[in-house]
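The primary structure of each chain is shown beneath.
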Protein chains: 2
Amino acid sequence: MSPAAPSPAYRRLSVEERRAQLLDAALSLFAHRAPEEVSLDDVAEAAGVSRPLVYRYFPGGKQQLYEAALRSAAEELRHCFDAPREGPLLGRLGGALDRYLAFVDSHDAGFTALLQGGSVVETSRTSAIVDGVRRAAAEHILSHLEVTDPGPWLRMTVRVWITAVEAASLIWLDEGKQPPAADLRDWLVEEFTAVLAATAARDEQAAELVRRLAPADG
Amino acid sequence: MSPAAPSPAYRRLSVEERRAQLLDAALSLFAHRAPEEVSLDDVAEAAGVSRPLVYRYFPGGKQQLYEAALRSAAEELRHCFDAPREGPLLGRLGGALDRYLAFVDSHDAGFTALLQGGSVVETSRTSAIVDGVRRAAAEHILSHLEVTDPGPWLRMTVRVWITAVEAASLIWLDEGKQPPAADLRDWLVEEFTAVLAATAARDEQAAELVRRLAPADG
């Protein structure tokens, strides 16, 4: 109630805070429109700031803003699979998928545009950012599984499953978010154990993992 | 031995034959280089024709040539999953994968550039061509399985498995074509039955398919 406290709306933001505010505004626009349909004017309007200010932060224009927003989204996605190392392994995987699907749910069209390519602002640099997220997710999973030296079959199994998660979320958005996220999460965990079990028939490392997963989580 | 027979090298080609010749030359260049690194000059040289002739067939330049080559590759890929309707179902799936992996093997870097995006010549139109191949493959598989009205779980399972095949082939190229193609094919068929069995736990349509696949192919 102190009259001396400045209203947050008028507080002067630091450079980092302002940048984060503009990226938030951009990400929320990308959630409903393809990146090529979002202008710097739209971002200025959504953030309630002047157009020159947006240009001061992103002098490279739309492409720079898009890449910064993509990096910020990638950072968030990386955290999804960076779960605490406690509890049953399949429960941790389910938790990571819950966070991932919540991100997909809230970013919607922006997530599709980001992953599906075909956007006019997509370049080999933006593809590398998306690929970095996939690699990070694979590393987190292998590290939770306590595999330090994954062989080719296990690497293939985990990387292919991550693409399956991505494809499933795109299809999920395409089908109007049906089936419910919780069912999709359970199905994806079940698919993980199923593909791991299939790989176990030809790979000792996968077989060892199946044995470790079974008693604690089964 | 008749002196009247013209040498094939000097035979005048029809418009369609010439076009096919130029596309073959382009596809073989795309097999070793990213599309943006292939010029119309290169195509003229590879086909042993003049540069103006290439321009006459592809007045839209590189972008038009790339799209035509992509369409021609897409046509080939569609045929991979269009197998004869005879023999055990899993055997047909293995045959389709053999054709698919042979295509991946022979087109190599061009296949990666085509599917991974990040190419400067990628547009929403080229993405639609690639997506059309995925949809056609899903339809062929469902039709072989004699499913006329697939529910959401079965559609999801088949579409996600197709992305898995794609991801696995990109990883396979990335790893210097290891493991051998025949092992990768067997693994992909095993993954198909594994994910179908996992889906069967929550979906009657998938359960029915698992029952049908088991006695004949198991």
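All values derive from a computational prediction rather than experimental measurement.

So what about unusual backbone geometry? Which residues, and what values?
Going from Q178 of chain A to P179 of chain A, the amide bond is cis rather than trans, its omega being -10°. Position of P179 of chain A relative to the elements: it lies in the loop between α7 (152-174) and α8 (181-200). The backbone of E146 of chain B shows a phi angle near 55°, a positive value even though the residue is not glycine. Tracing the backbone through its elements, the reader meets E146 of chain B in the loop between α6 (124-144) and α7 (152-174).

Account for the packing of α7 of chain A against α7 of chain B, naming residues and giving values.
It is the contact of α7 of chain A with α7 of chain B, at a shortest axis distance of 8 Å, that shows an interaxial angle of 135°. The orientation of α7 of chain A relative to α7 of chain B falls into the category oblique. At the point where α7 of chain A passes α7 of chain B, the crossing takes the right-handed sense. In this structure, α7 of chain A contributes M156, R159, V160, T163, A164, A167, A168 and I171 of chain A to the contact, and α7 of chain B contributes M156, R159, V160, T163, A164, A167, A168 and I171 of chain B.

Account for the packing of helix α1 (residues 15-30) of chain B against helix α4 (residues 62-80) of chain B, naming residues and giving values.
All names here are of chain B. The contact between α1 and α4 brings their axes to 10 Å, and the two run at 90°. Classed by the angle they form, the pair α1 and α4 counts as roughly perpendicular. Here L23, A26, L27 and F30 of α1 come into contact with α4, specifically with L65, A68, A69, S72 and A73. Taken together, the residues that form the contact of α1 with α4 break down as eight nonpolar, one polar and no charged.

Scoring rules and cut-offs
Numbering of residues begins from 1 in every chain and follows the order in which that chain's sequence is written. Just so you know, chain letters begin at A and ligand numbers begin at 1, following the order they were written in. Side-chain atom pairs in this predicted model are given and counted only at pLDDT of 80 or more, local residue features only at pLDDT of at least 70, and totals for whole chains, interfaces and linings cover all residues. The secondary structure listing takes helices from DSSP runs of H or I that are at least 4 residues long and strands from runs of E that are at least 2 residues long, numbered from the N terminus. Angular values range over 0 to 180 degrees, each being the angle between N-to-C directions of two axes fitted as lines to C-alpha atoms, with helices fitted over their stretch in contact. Angular relationships are summarised with four words: roughly parallel below 35 degrees, roughly antiparallel beyond 145, roughly perpendicular across 65 to 115, and oblique for the angles in between. Should the near helix be turned anticlockwise from the far one by less than a right angle, the crossing is termed left-handed; should it be turned clockwise, right-handed. Note that contacts rest on C-beta atoms placed from the backbone: two residues are in contact if these are within 7 Å. Throughout, the ten residues Ala, Val, Leu, Ile, Met, Phe, Trp, Tyr, Cys and Pro are labelled nonpolar, Asp, Glu, Lys and Arg are labelled charged, and all others, Gly among them, are labelled polar.

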